[in-house]
Amino acid sequence: MKRIVVVGGGPKSYIPDLRKFPFQDCLWIGADQGAEVLVENGLSPDLAIGDFDSVSDESFRRIQETSKQVKVFPDEKDETDLELAISEALKRSPEHILLFGVTGGRIDHSQANLQLLYPLLKKEVKGTIIDQQNQVELVGAGEHTMEADEHYPYVSFLPITLEVKDLTLGGFYYPLEKAYLPYGSTLCISNRLIADTGTFSFISGILLVVRSKDLTNRG
């Protein structure tokens with residue numbers, strides 16, 4: 001399985017219309033209320049997983065009827081429902097895991113979900129968090145390309161390690177040449193591409209790359 005979409009139980013107002021995404025030949029996993037979101041979007045979960053304490057009995061029956069597989073766990077457990085879903089996704093050796101319904105609401109949940117991108121990076125699995133306003137990835141040192149996207153025009157690069165060394169940006173409105181970014185730096189907030197394809201590279205550290213849009217630019 002090349003690409004797996006995992007939908008969590010975050011606030012539904014943060015989740016874009018999943019039917020608008022050109023996801024073909026992918027596997028759909030719903031974590032707890034995320035399975036309800038898939039069903040409401042007219043999609044059949046390949047796997048619904050979690051304790052399902054966030055859905056009504058009627059909704060859970062619909063999930064059971066619609067899903068190809070359902071795994072139910074107790075309320076009290078060491079892993080979150082989203083962690084369980086990601087673990088199941090990794091068993092299928094994906095190249096890319098896309099995460100919806102993992103932002104908004106409680107900030108501790110959102111922060112913990114952002115941190116789940118780190119083990120994916122270590123396993124060399126691309127992980128992308130997507131909501132109504134943002135696309136978020138963790139990127140390791142090396143040379144990278146980025147295609148322009150009119151729906152997410154702004155690009156920010158945030159160091160999540162103590163330092164990022166020699167960050168170089170090409171094809172951006174604000175270019176950089178071997179810049180040093182310490183943890184907490186806001187140097188690379190709200191840049192944008194001026195070419196169809198941009199490049200960025202750095203020799204050490206990890207960047208949180210956020211592509212975003214203003215709410216007035218919804219597309």
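Structure's up top.
The structure displayed is predicted, hence computed values, not measured ones.

(A) Up close: the nonpolar core. Residues Val6, Ile29, Leu82, Ile97, Leu99 and Leu117 are the most contacted members of the largest nonpolar core, which totals 25 residues. Elements represented by at least two residues in this core include exactly β1 (3-7), β2 (26-31), β3 (47-50), α3 (81-90), β5 (96-100), α5 (117-122), β7 (134-147) and β12 (197-212). With five residues, α3 is the single largest residue contributor to this core. Not counting chain neighbours up to four residues away, the residues in contact with Val6 comprise Ile29, Leu82, Ala85, Ala89, Ile97, Leu98, Leu99 and Phe100. Counting residues in each nonpolar core, the second largest holds 17 residues, with Phe172, Cys188, Phe200 and Leu207 among its members.

(B) Up close: the packing of aromatic side chains. Following the criterion strictly, the structure yields five aromatic pairs and no others. Residues Phe21 and Phe100 carry aromatic rings whose centres are separated by 5.2 Å and whose planes lie at 75 degrees to one another, so their mutual orientation is edge-to-face. In this pair, Phe21 sits in the loop between β1 and β2 while Phe100 sits in strand β5, placing the two residues 79 residues apart along the sequence. By relative accessible area, which is 0% here, Phe100 ends up buried. Arranged with centres 5.7 Å apart and planes meeting at 75 degrees, the rings of Phe157 and Phe172 form a pair that is edge-to-face. Within this pair, whereas Phe157 is found in strand β8 (residues 154-159), its partner Phe172 is found in the loop between β9 (163-170) and β10 (176-182), the two being separated by 15 residues in sequence. We note that Phe157, like Phe172, is buried.

(C) The pattern of salt bridges, seen in detail. According to the stated counting rule, one finds 13 salt bridges in the structure shown. Put simply, Lys2 and Glu95 hold a salt bridge, and the shortest N to O gap is 3.1 Å. Of this pair, Lys2 sits in the segment before β1 while Glu95 sits in the loop between α3 and β5, and the two are 93 residues apart along the sequence. For Lys2, a relative accessible area of 55% translates into the label exposed.

(D) Spatial organisation of the packing of helix α1 (residues 33-40) against helix α2 (residues 57-66). It is at 10 Å that the axes of α1 and α2 come closest, and there the two elements cross at 70 degrees. Taken together, the axis directions place α1 and α2 in an arrangement best described as roughly perpendicular. For the pair α1 and α2, the crossing hand works out as left-handed. Within the contact between the two elements, α1 uses Ala35, Glu36 and Val39 and α2 uses Ser59, Arg62, Ile63 and Thr66.

Parameters at a glance
Residues numbered from 1 in each chain as written. Predicted model: local features only at pLDDT ≥ 70, side-chain atom pairs only at ≥ 80, totals over all residues. Heavy atoms only, no water. Core = buried A, V, L, I, M, F, W, Y, C linked by side-chain atoms within 4.5 Å. Buried < 20%, exposed > 50% of the residue type's maximum accessible area, 1.4 Å probe, protein only. Helix = DSSP H or I, 4+ residues; strand = E, 2+ residues; numbered from the N terminus. Contact = heavy atoms within 4.5 Å. Phe/Tyr/Trp six-rings, centres within 6.5 Å; stacked < 30°, edge-to-face > 60°. Salt bridge = Lys/Arg side-chain N within 4 Å of Asp/Glu carboxyl O. Axes fitted to C-alpha atoms, helices over the stretch in contact; angles between N-to-C directions. Parallel < 35°, antiparallel > 145°, perpendicular 65-115°, else oblique. Left-handed = near helix turned anticlockwise from the far one by under 90°.

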